[in-house]
Amino acid sequence: MIAHSTFSRHGGVTAKGMMEAQEQARAEAEAFIARELNDEDVVAITESALPSTWGHCLVSVTVWYKRD
């Protein structure tokens, strides 16, 4: 079975704010992989960043993995 876990953060509207939020989400995803999975269980990792009209953006990292 394939499963996923998503790690999201809100960041500022500037490029710096978006990058900081993305790095935080990446760090959470990396910690999850190190703690919960074996390297061969990881199928894919996807990232996204969506600007918002409310002055923040939403960034996310999704880890797709094999689960027994």
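Asker: Hey, could you run me through the pattern of salt bridges in this one?
Answerer: Pairing between side chains of opposite charge can happen when their charged atoms approach one another. Scanning all chains against the criterion turns up four salt bridges. Taking the shortest distance from any N to any O, the salt bridge between Glu 28 and Arg 9 comes out at 2.3 Å. Of this pair, Glu 28 sits in helix 1 (residues 15–36) while Arg 9 sits in strand 1 (residues 2–12), and the two are 19 residues apart along the sequence. With relative accessibility at 27%, the residue Glu 28 sits in the partly exposed group. Taking relative accessible area as the criterion, Arg 9 reaches 32% and is therefore assigned partly exposed. Here Arg 26 ties to Glu 23 by a salt bridge, and the two come within 2.7 Å at their closest N and O atoms. Separated by three residues within a single helix, Arg 26 and Glu 23 lie in helix 1, roughly one turn from each other. Judged by its relative accessible area of 25%, Arg 26 is partly exposed. On the basis of relative accessible area, Glu 23 is assigned to the partly exposed category, the value being 42%. Each member of the salt-bridge network shares a partner with another, and the members are Glu 23, Arg 26 and Glu 47.

Asker: What's the story with the packing of aromatic side chains in this structure? I'm lost.
Answerer: The description of an aromatic ring pair uses the distance of the two centres, along with the angle that the planes make with each other. Counted by the stated rule, this structure contains two aromatic pairs. Ring geometry for Phe 7 against Phe 32: centres 5.5 Å apart, planes inclined by 50°, an arrangement best described as tilted. Highlighted residues: Phe 7 in strand 1 and Phe 32 in helix 1, separated in sequence by 25 residues. Owing to a relative accessible area of 9%, Phe 32 belongs among the buried residues under this scheme. Here Phe 32 and Tyr 65 contribute two aromatic rings whose centre-to-centre distance is 5.6 Å and whose plane-to-plane angle is 55°, an arrangement assigned as tilted. One end of the pair, Phe 32, is in helix 1; the other, Tyr 65, is in strand 3 (residues 56–66), and 33 residues separate them in sequence. Comparing Phe 32 with Tyr 65, the two get one shared label, buried.

About the criteria used
Residues numbered from 1 in each chain as written. Predicted model: local features only at pLDDT ≥ 70, side-chain atom pairs only at ≥ 80, totals over all residues. Heavy atoms only, no water. Salt bridge = Lys/Arg side-chain N within 4 Å of Asp/Glu carboxyl O. Helix = DSSP H or I, 4+ residues; strand = E, 2+ residues; numbered from the N terminus. Buried < 20%, exposed > 50% of the residue type's maximum accessible area, 1.4 Å probe, protein only. Phe/Tyr/Trp six-rings, centres within 6.5 Å; stacked < 30°, edge-to-face > 60°.

Just geometry here; none of it tells us what the structure is for.
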